Amino acid sequence: MELLTVLLLTYNHEQTIGRAIESILAQKTRFPYVVYVLEDCSTDRTPAICRQYKEKYPEQIELFLNPQNLGVMENFKQGLMRVRTPYFAFLEGDDYWCGEDKLQKQVNLLERHPDCSICGHNVLCRDMIHQKEWYIVDKAKYEIKERYTIHDKIPIHPSSRVYRNIIDVSTLPNFMVLDSHLLLLYLTQGDLCYLDEVLSVYHITETGFWSGRTKKQKALSALELRYKANQFFQFKYDYRYYANSKMLKLLKMLLGVRLGWFCFYHLEKQRIAIKYLFK
């Protein structure tokens, strides 16, 4: 019986999907795990490459070929709903894991700390457009001195996360399975265990779900998703979003949290529209 499921999301990743799959299969663990490849009706050779890996590793890979494009949120949600193992991890087809003991180390920590709902690690970020590299977690900023620590404020990247399978996602709105929203949902159920090692590589390209958008689209999408997440959580964790906005602080003080956020959301939409009007 498998202990962990790896969800691999892919769409038009023919140049990188092989490396992503290989990095998953290279994991050395003392437990069995299964790989769910969620192929979202790509228009390039990605489906064919995925079929080749399925044929080569039929016992370890489950291939789900969507008959039509679902989009990253619905594709990921359907993958999450298929998970039956105690743990699961996530990777996109243009990223890869660079540590062959990543899964074993993270499961070890989660087994050792039953109060933790999620485990993450540091990630090397490569901007393929501007040819820059940096680490997602700044060790000095978060005063990280130990090999691992329990710390719920560290910004762990999705490719670094191993989740404890404790939440029924079937009733969640699609946007709640995205990045920081799913992370926050898990942090309401337990602590975050952070492993201070670089065990995955994240690529910024012009074709990804997020990095392929314009600055205006990113700003508007982030605003809308944060507002929706606040509404989902009934504004219980609103301090985690736009914490440095003086305008939001003033509006909440004058109008209360809900009405303040409502006004901030619509004013911020107008500000973004004006800012990028001629860009």
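### Considerations on the overall build of the protein
Argument step 1. Each helix and strand counted, the protein has 8 helices and 10 strands in total.
Argument step 2. Computed over the C-alpha atoms, the radius of gyration of the protein is 19 Å, within 12% of the 19 Å expected from 2.2 N^0.38 for a compact globule of 279 residues.
Argument step 3. When the backbone C-alpha atoms are referred to their principal axes, the protein occupies close to 60 × 45 × 40 Å.
Argument step 4. Separation of charge centres in the protein, based on 38 positive and 32 negative side chains, amounts to 7 Å.

### Examining the packing of aromatic side chains
Argument step 1. Across all of its chains, the model carries 14 aromatic pairs by this definition.
Argument step 2. Centroid distance Y53 to Y57: 6.5 Å. Interplanar angle 15 degrees. Geometry classified as stacked.
Argument step 3. Y53 gets classed as buried once you look at its relative accessible area, which sits at 13%.
Argument step 4. With centroids separated by 4.8 Å and ring planes inclined at 45 degrees, the aromatic side chains of F76 and F90 adopt a geometry described as tilted. Of the two residues, F76 sits in helix α3 (residues 72–82) while F90 sits in strand β4 (residues 87–92), which places them 14 residues apart along the sequence.

### Considerations on the pattern of salt bridges
Argument step 1. Considering all chains together, one arrives at 10 salt bridges under this definition.
Argument step 2. R161 serves as the salt-bridge partner of D179, at 2.9 Å between the closest nitrogen and oxygen. Taken together, the residues D179 in helix α5 (residues 179–187) and R161 in the loop between β8 (148–150) and β9 (162–164) connect sequence positions 18 residues apart.
Argument step 3. By relative accessible area, D179 is classed as partly exposed at 42%.
Argument step 4. Linking D238 and K252 is a salt bridge whose minimum nitrogen-to-oxygen distance equals 2.5 Å. Within this pair, whereas D238 is found in the loop between α6 (215–232) and α7 (246–255), its partner K252 is found in helix α7, the two being separated by 14 residues in sequence.

### Describing the packing of α7 against helix α8 (residues 257–275)
Argument step 1. Interhelical geometry of α7 versus α8 gives an angle of 140 degrees and a closest axis separation of 7 Å. Judged by the inter-axis angle, α7 sits oblique to α8. When you trace α7 past α8, the crossing you get is right-handed. Between α7 and α8, the residues in contact are M247, L248, L251, K252 and L255 and V257, L259, G260, W261, C263, F264, L267 and E268, respectively.

### Remarks on α5
Because each turn of an α-helix spans 3.6 residues, side chains separated by three or four positions in sequence point in the same direction.
Argument step 1. Counting buried positions along α5 yields 7 of 9 residues, so the element is predominantly enclosed.
Argument step 2. Among the residues making up α5, those that are buried are H181, L182, L183, L184, L185, Y186 and L187.
Argument step 3. Considering only its buried residues, α5 is in contact with α3, β4, β6 (116–127), β9, β10 (191–204) and α6.

### Section: the nonpolar core
Argument step 1. Grouped together as the largest cluster of nonpolar side chains are 47 residues, with contacts concentrated most on L7, F76 and I154.
Argument step 2. The dominant element in this core, judged by the number of residues it contributes, is α5, at 6 residues.
Argument step 3. Beyond its immediate stretch of four places on either side in the chain, I154 contacts V137, Y142, I144, T149, L192 and Y194.
Argument step 4. Counting 30 residues, the second largest nonpolar core, distinct from the first, contains I17, F31, I49 and I61.

### Some points on the pairing of β4
Argument step 1. With respect to burial, β4 is a largely interior element, 5 of its 6 residues being buried.
Argument step 2. Two elements, strand β1 (residues 4–10) and β4, share 6 bridges in a ladder whose sense is parallel. Within β4, the position partnered with T5 by the bridge is F88.
Argument step 3. Bridging between β4 and β9 involves 3 bridges; their strand directions are antiparallel.

### Quick notes on α6
Argument step 1. The end-to-end C-alpha distance of α6, which contains 18 residues, comes to 26 Å, matching closely the 26 Å that a straight helix rising 1.5 Å per residue would cover.
Argument step 2. Every buried residue of α6 is accounted for by S221, A222, L223, L225, Y227, A229 and N230.
Argument step 3. Packing partners of the buried residues in α6 comprise α5 and α8.
Argument step 4. Of the residues trailing α6, Q234 is marked for its positive phi of about 55 degrees.

### A look at a nonpolar patch on the surface
Argument step 1. A contiguous nonpolar surface patch, about 610 Å² in accessible area, is contributed by L250, M253, L254, L255, L259 and F262.
Argument step 2. Here the nonpolar patch takes 4 residues from α7, the largest share from any one element.
Argument step 3. One can find F262 in helix α8.
Argument step 4. Of the residues examined, F262 reaches a relative accessible area of 41% and is grouped as partly exposed.

The rules we used
Residues numbered from 1 in each chain as written. Predicted model: local features only at pLDDT ≥ 70, side-chain atom pairs only at ≥ 80, totals over all residues. Heavy atoms only, no water. Helix = DSSP H or I, 4+ residues; strand = E, 2+ residues; numbered from the N terminus. Rg over C-alpha atoms; globule rule 2.2 N^0.38 Å. Lys, Arg positive; Asp, Glu negative; His and termini not counted. Charge placed at Lys NZ, Arg CZ, Asp CG, Glu CD. Phe/Tyr/Trp six-rings, centres within 6.5 Å; stacked < 30°, edge-to-face > 60°. Buried < 20%, exposed > 50% of the residue type's maximum accessible area, 1.4 Å probe, protein only. Salt bridge = Lys/Arg side-chain N within 4 Å of Asp/Glu carboxyl O. Axes fitted to C-alpha atoms, helices over the stretch in contact; angles between N-to-C directions. Parallel < 35°, antiparallel > 145°, perpendicular 65-115°, else oblique. Left-handed = near helix turned anticlockwise from the far one by under 90°. Contact = heavy atoms within 4.5 Å. Core = buried A, V, L, I, M, F, W, Y, C linked by side-chain atoms within 4.5 Å. Pairing = 2+ DSSP bridges. Expected span 1.5 Å × (residues − 1). Patch = residues over 30% accessible without salt bridge, like charges linked within 9 Å, V, L, I, M, F, W, Y side chains within 5 Å. Areas by Shrake-Rupley, 256 points an atom, 1.4 Å probe, with all protein chains shown as cover.

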